[in-house]
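What follows is each chain in one-letter form.
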Amino acid sequence: MADVIDAVFDAIADAAPEVRAGLPDHRATRDDQNASGDTQLEADVWADDLLFDRTESIEGVNWYASEERDAVVTVGDAEGGYAVALDPLDGSSNVKSNNPCGTVVGVYDQPLPAPGSSLVAAGFVLYGPTTTMVVARDDTVREYLVSETGATTDLGPVELPADPTVYGFGGRVPDWPPAFESFVRDVEDDLKLRYGGAMIADVNQVLVYGGVFGYPGLESAPDGKLRAQFEALPIAYIVETAGGASSDGTQSLLDVAPTRLHERTPTFVGTDDVIAALDAALPDHTN
Ligand code: AHG
Ligand code: MN
Ligand code: MN
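To start, this report covers the structure provided alongside it. Source: prediction; values computed, not measured.

**Considerations on the sheet that holds strand 4 (residues 73-74)**
Taken together, eight strands build an open sheet; the order of strands is 4-3-5-6-7-8-9-10 and the sheet is mixed. On the outer flanks of this sheet lie strand 4 and strand 10 (152-157), each paired with one strand and no other. The pairing of strand 7 (residues 119-127) with strand 8 (residues 131-137) spans seven bridges and is classified as antiparallel. Directly across from Phe-124, in strand 8, lies its bridge partner Val-134. The strands touched by helix 1 (residues 4-22) are strand 3 (61-66), strand 5 (82-90), strand 6 (101-108), strand 7, strand 8, strand 9 (140-146) and strand 10; relative to strand 7, the strand with the most contacts, the crossing angle is about 15°. Taken strand by strand, helix 6 (residues 228-241) contacts strand 3, strand 5, strand 6, strand 7, strand 8 and strand 9, and its axis lies near 100° from that of strand 7.

**Thoughts on the site of ligand 1**
If you check the shell around ligand 1, you find 17 residues, and the closest are Asp-90, Gly-91, Tyr-195, Met-199 and Tyr-215. Glu-231 has a polar side-chain atom sitting 3.3 Å from an oxygen atom of ligand 1. For ligand 1, whose unbound accessible area comes to 470 Å², protein coverage reaches 82%. At the level of secondary structure, the elements contributing two or more residues to the shell around ligand 1 comprise strand 5 and strand 13 (211-215). Grouping the constituent residues of the shell around ligand 1 by class yields seven nonpolar, three polar and seven charged. Residue assignment places the shell around ligand 1 across two domains, with domain 1 (2-157) and domain 2 (166-281) each supplying three or more.

**Observations concerning the pairing of strand 5**
Every other side chain in a regular strand lies on the same face of the sheet, so the side chains alternate between the two faces. The buried fraction of strand 5 amounts to nine of the nine residues, a majority that puts the element mostly inside the structure. Across five bridges, strand 3 lies against strand 5 in parallel orientation. Paired with Tyr-64 across the strands is Val-84, a residue of strand 5. In this structure, strand 5 lies alongside strand 6, joined through six bridges in antiparallel fashion. The partner of Asp-90 across the bridge, within strand 6, is Gly-102.

**Describing the packing of helix 1 against helix 2 (residues 42-55)**
Where helix 1 contacts helix 2, the axes come no closer than 10 Å and their chain directions differ by 155°. Judged on the interaxial angle alone, helix 2 and helix 1 are roughly antiparallel. For the pair helix 1 and helix 2, the crossing hand works out as right-handed. Here Ala-11, Ile-12, Asp-14, Ala-15, Glu-18, Val-19 and Gly-22 of helix 1 lie close against helix 2, whose contacting residues are Trp-46, Ala-47, Leu-50, Leu-51, Arg-54 and Thr-55. Taken together, the residues that form the contact of helix 1 with helix 2 break down as eight nonpolar, two polar and three charged.

Scoring rules and cut-offs
- Residues numbered from 1 in each chain as written.
- Chains lettered and ligands numbered in written order.
- Predicted model: local features only at pLDDT ≥ 70, side-chain atom pairs only at ≥ 80, totals over all residues.
- Heavy atoms only, no water.
- Pairing = 2+ DSSP bridges.
- Helix = DSSP H or I, 4+ residues; strand = E, 2+ residues; numbered from the N terminus.
- Contact = heavy atoms within 4.5 Å.
- Axes fitted to C-alpha atoms, helices over the stretch in contact; angles between N-to-C directions.
- Near = heavy atom within 4 Å.
- Polar contact = N/O pair within 3.5 Å; in protein donor to acceptor, adjacent residues only side chain to side chain.
- Areas by Shrake-Rupley, 256 points an atom, 1.4 Å probe, with all protein chains shown as cover.
- Nonpolar A, V, L, I, M, F, W, Y, C, P; charged D, E, K, R; others polar.
- Domains from an automatic or database assignment.
- Buried < 20%, exposed > 50% of the residue type's maximum accessible area, 1.4 Å probe, protein only.
- Parallel < 35°, antiparallel > 145°, perpendicular 65-115°, else oblique.
- Left-handed = near helix turned anticlockwise from the far one by under 90°.

Next up, the structure:
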């Protein structure tokens, strides 16, 4: 089999300009909800259909799943084939406010739902002032500029800075468990708040400046908001490959083994010292 991972990310980069160009015409909210119970935007479904079309026929891709589809779609039967799990449009609520959003990609070497340990590659496209793609594979993270034709320019390796600078945590403060809130009160003494409502934009700030991003388990929703298969595990793979750490409050997110395709998990990624301090601050590991 040709390099399937290359073929997947070539297809994602090739589609990225079309996803970006289509956002203005797909800002409306649909009446439907996705399997996670989130209200869907036209852009969510449209991006999902486009990315499915671009990846489902890649030799070596056996399964396609996304945040916007209830079930996994079998698209191949190659020996040793991979599963592609997408958040087609991450931060879609940012489209209306013209703030950054993106696409999250996880490539697993077994059928879904699959554990973080079965990721063989992960990446994201960030629709910001420029369109960039970050890809983690073979123990390396690299960033690419994506042109309007989908051509990529390698911008070099991505490594988390040793010193943390920024932090950003989702959820409403009154809904944070007390142990987590007191941890954040310590963090905010040293770091600058950067939270923009799109996980991949906030995580990219952590990759560039060092620090921590997370969406904790809440009093009202102990598993938090982010989907393990499509958001938390791929982002953890990227940040850990870049030299950082991840946690669900008890363990590396790469040790998480979802049993349901759309299950959520408390999610923290960032500079290893900060993640270690977070884990220590949640002694009974409830967050
Ligand atoms: P999506 O648009 O794919 O549903 O993802 C949105 C997620 C994530 O991108 C972001 O970190 C988080 O939702 C923001 O949640 P709040 O609006 O509750 O802050
Ligand atoms: Mn998302
Ligand atoms: Mn999404």
